[in-house]
There are 2 protein chains.
Amino acid sequence: MAHESLTQTQKALLGLRQRILSGAITGGTRLYEVALAEELAISRTPIRAALSRLAEEGLLERGSGGGFIVRSFALADVVDTIDLRGVLEGTAARYAAERGASPENLAKAQTILREIDRVLADQAVDIEAYSSLNTAFHDQLAAMAQSATLQRELARITALPFASPSAFLEDHDRIDALQRTLISAQAQHIAILEAIAGRESGRAEALAREHARAARRNVEFLLSHEGVLREGVASLALLTD
Amino acid sequence: MAHESLTQTQKALLGLRQRILSGAITGGTRLYEVALAEELAISRTPIRAALSRLAEEGLLERGSGGGFIVRSFALADVVDTIDLRGVLEGTAARYAAERGASPENLAKAQTILREIDRVLADQAVDIEAYSSLNTAFHDQLAAMAQSATLQRELARITALPFASPSAFLEDHDRIDALQRTLISAQAQHIAILEAIAGRESGRAEALAREHARAARRNVEFLLSHEGVLREGVASLALLTD
DNA sequence: CTGACTGCGAATGTATACATATGCCCCAGA
DNA sequence: TCTGGGGCATATGTATACATTCGCAGTCAG
């Protein structure tokens, strides 16, 4: 097995996930263990384990009489999922405001926002840097809610590639337009944190909910320009229509 | 075991779920495939399949180095989960109001509510009948939202025994107190449906969210009377503290 | 011509032998 | 006594042979 220390299950998991996310296996397709085992040159047992985990992730669903089917996502599903993230993040922000965030957590969030400010100040924005800081802020928000349940469900939703807070950022062709978007988003970040610090729970919830609308607009924009932009947008390859 | 046509996986699933929900296996316990296989007289393969499905259900979590651990639920988790159901049902009610429910769906919901009225009119309330009608109303609410994503997540949350809309109903010892609770709940049902029919989305969301608070109060009440009431409350057997 | 029965084939379900990883305990040497 | 290493015990990981189930098609009878 050379120097790869991955188990067969992990290989199967990576291979299948990649095929689904890239659109190589399209939504609605029934997956057959034997066929996959042959294709990936792995026995059925780890294939089954991988399929099961992909079902947990939400990329597959179980068919009625056994077997797995690749979930298909229409535009409406994508939009609803992003909105749902907004609802959950809104709840997280409200909890953080109501329950009170610790000074350490507030400081950590502040630090992230200052770093984002620095990234945005550059002429040529480092999108990758923004992405990871943005993800970190959203993670921090989930942590400040002090609800393991909520944090868990947010992680679930966010695992879908098109519902992550930093989805689609790398797919913009017009950097100037993107930069304006990011500046607005950062203004919302600051307002959310201010509301949390000031224990303004209603404001915090509304702001966080609205914040997700930016992502939604982004998707709708990308999809309204069919062939032109949609090609090459990795996160959208698994959409059905 | 005779004429049972259940597969081994299904037997394992039922056996394990029962053991977890009843508290026979307590939260935090690591589950070992071989031990379970011996105990249930089933080979490891179906045991693994069952464990995997229980992880999907949210009753187990995967340990870091492989293996499964029984999730433990503290009171705070139960309360947060019920509140989360409220948030999601609130969103469902808002969507139903915003997107407009079909006359058929509104009529179906109306019918359910009239049947609940009839059940509540009896001197001795048929709690089982109320339970199933209540569940039907909540299911109908989820369907009226016209969002597969939301419906899916609601189903997930509701699968946890203590987060179901009809949890704890059968555990009341004072029927008269319970009856008063149910009458208030039914008033909320009626108001929610009225708000949806009238396209009052804000009102619908707020009402549905508040409606879940009744379930939350119920749990808090049951748990505040430690030994007295808590014993024999099946849905609470899996709580840790 | 139509309906049902039967057999075959392809799928998942199941058991089990063997592989591999990991952690602990014990022993030896500094 | 402390530390490092080696081996065993026990866990999950993997492959595979065999079981079972279910649907479909082909054929025969009414």
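Residues numbered from 1 in each chain as written. Chains lettered and ligands numbered in written order. Predicted model: local features only at pLDDT ≥ 70, side-chain atom pairs only at ≥ 80, totals over all residues. Heavy atoms only, no water.

### A closer look at the protein's contact with DNA strand C
Around DNA strand C, the structure places 14 residues, and the nearest of them are A:Arg48, B:Gln8, B:Thr9, B:Ser43 and B:Thr45. Measuring from a base oxygen of DNA strand C, one finds a side-chain N or O atom of A:Arg44 at 3.0 Å. Elements supplying a minimum of two residues to the surface near DNA strand C: strand S1 (30-31) and helix H3 (44-57) of chain A together with helix H1 (8-21) and helix H3 (44-57) of chain B. For the surface near DNA strand C, the class distribution of residues is four nonpolar, five polar and five charged. (Near = heavy atom within 4 Å. Polar contact = N/O pair within 3.5 Å; in protein donor to acceptor, adjacent residues only side chain to side chain. Helix = DSSP H or I, 4+ residues; strand = E, 2+ residues; numbered from the N terminus. Nonpolar A, V, L, I, M, F, W, Y, C, P; charged D, E, K, R; others polar.)

### Some points on the relation of the copies chain B and chain A
Expressed as a screw operation, the relation of chain B to chain A combines 0.0 Å of axial shift with a rotation of 180°, fitting to an RMSD of 0.1 Å. The superposition operator between the copies reduces to a two-fold rotation axis. Among all C-alpha atoms of chain B, that of B:Glu56 lies closest to the rotation axis, at 2.6 Å. A symmetric contact is evident, with 100% of the interface residues of chain B recurring at the interface of chain A. (Least-squares fit on C-alpha atoms with pLDDT ≥ 70 in both. Contact = heavy atoms within 4.5 Å.)

### Looking at the side chain of B:Asn134
All names here are of chain B. Relative to the elements of secondary structure, Asn-134 occurs in helix H6 (residues 127-144). Residue class for Asn-134 comes out buried when judged on its relative accessible area of 3%. Among the polar contacts listed, one links the side chain of Asn-134 to the side chain of His-189, at a separation of 3.3 Å. Discounting residues that sit within four places of it in the chain, Asn-134 has contacts with Ile-116, Pro-165, Ser-166 and His-189. (Buried < 20%, exposed > 50% of the residue type's maximum accessible area, 1.4 Å probe, protein only.)

### Some thoughts on the protein's contact with DNA strand D
Not every one of the 15 residues close to DNA strand D is listed here, only the nearest: A:Gln8, A:Thr9, A:Ser43, A:Thr45 and B:Arg48. For DNA strand D, the backbone makes up 61% of the atoms found within 4 Å of the protein, where backbone means sugar plus phosphate. Between A:Ser43 and DNA strand D, the recorded distance is 2.7 Å, taken from a side-chain N or O atom to a phosphate oxygen. Contact distances for DNA strand D include 2.9 Å between a base oxygen and a side-chain N or O atom of B:Arg44. Mapped by element, the contributors of at least two residues to the surface near DNA strand D are helix H1 (8-21) and H3 of chain A together with strand S1 (30-31), helix H2 (33-40) and H3 of chain B. Ranked by residues supplied to the surface near DNA strand D, first place goes to H3(A) with three residues. By residue class, the composition of the surface near DNA strand D is five nonpolar, five polar and five charged.

### Some details on a negative patch on the surface
On the surface, A:Asp122, A:Asp126, A:Glu128 and A:Glu170 cluster together into a patch of negative charge. Along the polypeptide, A:Glu170 turns up in the loop between helix H7 (148-159) and helix H8 (175-197). (Patch = residues over 30% accessible without salt bridge, like charges linked within 9 Å, V, L, I, M, F, W, Y side chains within 5 Å. Areas by Shrake-Rupley, 256 points an atom, 1.4 Å probe, with all protein chains shown as cover. Salt bridge = Lys/Arg side-chain N within 4 Å of Asp/Glu carboxyl O. Lys, Arg positive; Asp, Glu negative; His and termini not counted. Charge placed at Lys NZ, Arg CZ, Asp CG, Glu CD.)

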